[in-house]
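Here are the chains, one letter per residue:
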Amino acid sequence: MPFLGQDWRSPGQSWVKTADGWTRFLDEKSGGFVGDISSFCKKDDHNKENLFNSINYDVAAKKRKKDLLNNKAKTQYFHQEKWIYVHKGSTKERHGYCTLGEAFNRLDFSSAILDSRRFNYVVRLLELIAKSQLTSLSGIAQKNYMNILEKVVQKVLEDQQNIRLIRELLQTLYTSLCTLVQRVGKSVLVGNINMWVHRMESILHWQQQLNNIQITRPAFKGTTFTDLPLCLQLNIMQRLSDGRDLVSLGQAAPDLQVLSEDRLLWKKLCQYHFTDRQIRKRLILSDKGQLDWKKMYFKLIRCYPRKEQYGDTLQLCRHCHILSWKGTDHPCTANNPETCSTSLSPQEFINLFRF
């Protein structure tokens, strides 16, 4: 069987072109030698230059290969697929199982962030991975995670939308990395510690860029939100699912401040996110003896998770064990494929790979 090493001719050998032809030699680590390398280097300057050029070429080739695999590489290493097969065990036909990192690499998340219906879903998934699942990813998956995160930040900087959402994601990731870097002796992160410190510096730089965003007032002088009838303004406000958006909207104009304090508005928001039992446990009365729904909302979100709503989600076919984005067709063998598909929340997607 031939030796599969850096030089196919024999272990540890290198070949250098001289005036007499090609000469081979072994380095000191090879445990043997063919010719005396020191005497070879004493022949003339031409041979020395040829030797050094050969060594420099090998070093340059290794460096290019290393640069391709280090943090500077922005390409994703797996081709993006429309759907993948999720298998949790080994069979005669298939060995191994699908992991969270494998699914994260193979599914098309880079294109998903460009879709407004999937953007919030991907951001929430990145946040959940940053909280508890970052160490379960492979080295390539962790690199892919940072590449997708950079694309998300660049999109927000260009569009100037979802700024608060990305701030929370970056803060969660930075807090998790601070904890993991301190435990580097336990090998909880894949890669060199300096690489992760560099990534943390990038996160701080992104946070500074988000803080420096200044949203300018558009030059359009047509009909504005405050020009609409009050019933339409309230109807639009009821479409907001985050109480912090209501507070920010109320700070835009004095008239909107009054509307943002509407009790019915906050009551519907509480009833949308929380159950009646949860609401009864956190009742707060105002000075007038009425339920203060606004204070109750912010108290409830500190105690219970809010209801998540996404325009598009990943779905799992229970019959074929196929994972894909909603609306993506796959070769399902069931009689009624539509009844076999189940939409997955970001947390359910992560739980799918916990064995």
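Going by the structure above, here's the rest.
Residues numbered from 1 in each chain as written. Predicted model: local features only at pLDDT ≥ 70, side-chain atom pairs only at ≥ 80, totals over all residues. Heavy atoms only, no water.

Focus on the overall build of the protein chain
This is how the line gets drawn: In this text, helices come from DSSP runs of H or I with a minimum length of four residues, and strands from runs of E with a minimum of two, each type numbered from the N-terminal end. Burial status follows relative accessibility: with a 1.4 Å probe on protein chains alone, a residue under 20% of its type maximum counts as buried, one over 50% as exposed, and anything between as partly exposed. Two residues qualify as a contact provided that any one of their heavy atoms is within 4.5 Å of a heavy atom in the partner residue. Here the accessible surface of atoms and residues is derived via Shrake-Rupley with a 1.4 Å probe, and residues count as covered only by protein chains that are part of the display.
Scanning the protein chain from N- to C-terminus turns up 16 helices and 6 strands. Here the protein chain holds 355 residues, and 34% of them are scored as buried. If you take every contact in the protein chain between residues at least 6 apart in sequence, the share linking residues at least 24 apart comes to 60%. For the protein chain, the accessible surface area stands at approximately 22600 Å², while carbon and sulfur atoms represent 52% of it.

As for helix H10 (residues 243–250)
Defined as follows: Note: the arc covers the axis-to-C-beta directions of the helix.
Listing the buried residues of H10 in full gives Gly 243, Leu 246 and Gly 250. Looking straight down H10, one finds that the buried residues subtend no more than 55 degrees of arc, so they occupy a single side. Buried-residue contacts for H10 involve helix H9 (230–237), helix H11 (254–260), helix H12 (263–273) and helix H14 (293–303).

Comments concerning the side chain of Arg 118
Positionally, Arg 118 belongs in helix H5 (residues 116–133). For Arg 118, a relative accessible area of 16% puts it in the buried group. The contact partners of Arg 118, leaving out residues within four places of it in the chain, are Ala 112, Asp 312, Trp 325 and Lys 326.

Thoughts on the nonpolar core
Quick note on the threshold: Put simply, buried Ala, Val, Leu, Ile, Met, Phe, Trp, Tyr and Cys residues joined by side-chain atoms within 4.5 Å make one nonpolar core.
The biggest cluster of nonpolar side chains holds 55 residues, and the ones touching the most others in it are Phe 109, Tyr 145, Leu 323 and Phe 349. Setting aside anything within four residues of it in sequence, one finds Tyr 145 in contact with Phe 104, Leu 126, Ile 129, Ala 130, Leu 134, Leu 137, Leu 169 and Leu 173. Counting 16 residues, the second-largest nonpolar core is a separate cluster that includes Met 237, Leu 269, Ile 284 and Tyr 304.

Here's the deal with the pattern of salt bridges
The cut-off we apply is this: Within this document, salt bridges are pairs made up of a side-chain nitrogen of Lys or Arg and a carboxyl oxygen of Asp or Glu, the two lying within 4 Å of each other.
Taken as a whole, this structure holds 13 salt bridges when the rule is applied. Here Arg 117 and Asp 115 are joined by a salt bridge, their closest N and O atoms 3.0 Å apart. A salt bridge links Arg 118 to Asp 312, with the nearest nitrogen and oxygen atoms 2.8 Å apart. Within this pair, whereas Arg 118 is found in helix H5, its partner Asp 312 is found in the loop between H14 and strand E4 (314–317), the two being separated by 194 residues in sequence. Exposure class is identical for Arg 118 and Asp 312. Each is buried. In the salt-bridge network here, residues are joined through shared partners; they are Arg 164, Glu 168, Asp 242, Arg 244, Asp 245 and Arg 306.

Some remarks on the sheet that holds strand E6 (residues 341–344)
As a reminder, the rule being used: By definition, two strands form a pair when at least two bridges between them are found by DSSP. Fitted lines through C-alpha atoms serve as axes, helices being fitted only where they are in contact, and the angles separating the N-to-C directions of these axes extend from 0 to 180 degrees.
Taking strand neighbours across the sheet as the criterion, the 4 strands line up as E3-E5-E4-E6 in an open arrangement whose pairing is antiparallel. Since the sheet does not close on itself, it has two edges, and those belong to strand E3 (83–85) and E6, each with one partner. Ignoring which end each strand starts from, the neighbouring axes of this sheet average 25 degrees apart. In the sheet, E4 pairs with E6 via 4 bridges, with the strands oriented antiparallel.

Focus on the pairing of E4
Of the two faces of E4, the one lined by Leu 314 and Leu 316 and the one lined by Gln 315 and Cys 317 are each fully buried. The antiparallel pairing of E4 with strand E5 (residues 322–325) creates a hairpin that spans 4 residues between the two strands, and His 321 there sits at a positive phi of about 60 degrees.

Describing the packing of H5 against helix H7 (residues 163–182)
We apply this condition: Here the word oblique covers every angle except those under 35 degrees (roughly parallel), over 145 (roughly antiparallel) and from 65 to 115 (roughly perpendicular). Two helices that cross are described as forming a left-handed crossing if the nearer one is turned anticlockwise from the farther one by less than a right angle, and a right-handed crossing if clockwise. For this scheme, ten residues count as nonpolar: Ala, Val, Leu, Ile, Met, Phe, Trp, Tyr, Cys and Pro. Four count as charged, namely Asp, Glu, Lys and Arg, and the remainder, Gly too, count as polar.
Taken N-terminus to C-terminus, the directions of H5 and H7 make an angle of 20 degrees; their axes are 8 Å apart at the nearest point. When the axis of H5 is compared with that of H7, the two are roughly parallel. Remark: the crossing between H5 and H7 carries left-handed chirality. Together, Phe 119, Asn 120, Val 123, Leu 126, Glu 127, Ala 130 and Lys 131 of H5 and Leu 165, Ile 166, Leu 169, Thr 172, Leu 173 and Ser 176 of H7 make up the contact between the two elements. In terms of residue class, the contact of H5 with H7 is made up of 8 nonpolar, 3 polar and 2 charged.

Here we look at the packing of H12 against H14
Packing of H12 against H14 leaves a shortest axis separation of 8 Å and a crossing angle of 25 degrees. When the axis of H12 is compared with that of H14, the two are roughly parallel. The two elements H12 and H14 cross, and the hand of that crossing is left-handed. Residues Arg 263, Trp 266, Lys 267, Leu 269, Cys 270 and His 273 of H12 form the contact with H14, whose participating residues are Trp 293, Lys 294, Met 296, Tyr 297, Phe 298 and Leu 300. When its residues are assigned to classes, the contact of H12 with H14 shows 8 nonpolar, 1 polar and 3 charged.

Here we look at unusual backbone geometry
What you tend to see is this: most non-glycine residues have negative phi, and most peptide bonds are trans. Its identity as a non-glycine residue notwithstanding, Asn 162 has a phi of 60 degrees, on the positive side. Topologically, Asn 162 is positioned in the loop between helix H6 (139–159) and H7. Classification of Asn 162 by relative accessible area gives partly exposed; the value is 33%. Although it is not a glycine, His 321 adopts a positive phi angle of roughly 60 degrees. Assignment of secondary structure puts His 321 in the loop between E4 and E5.

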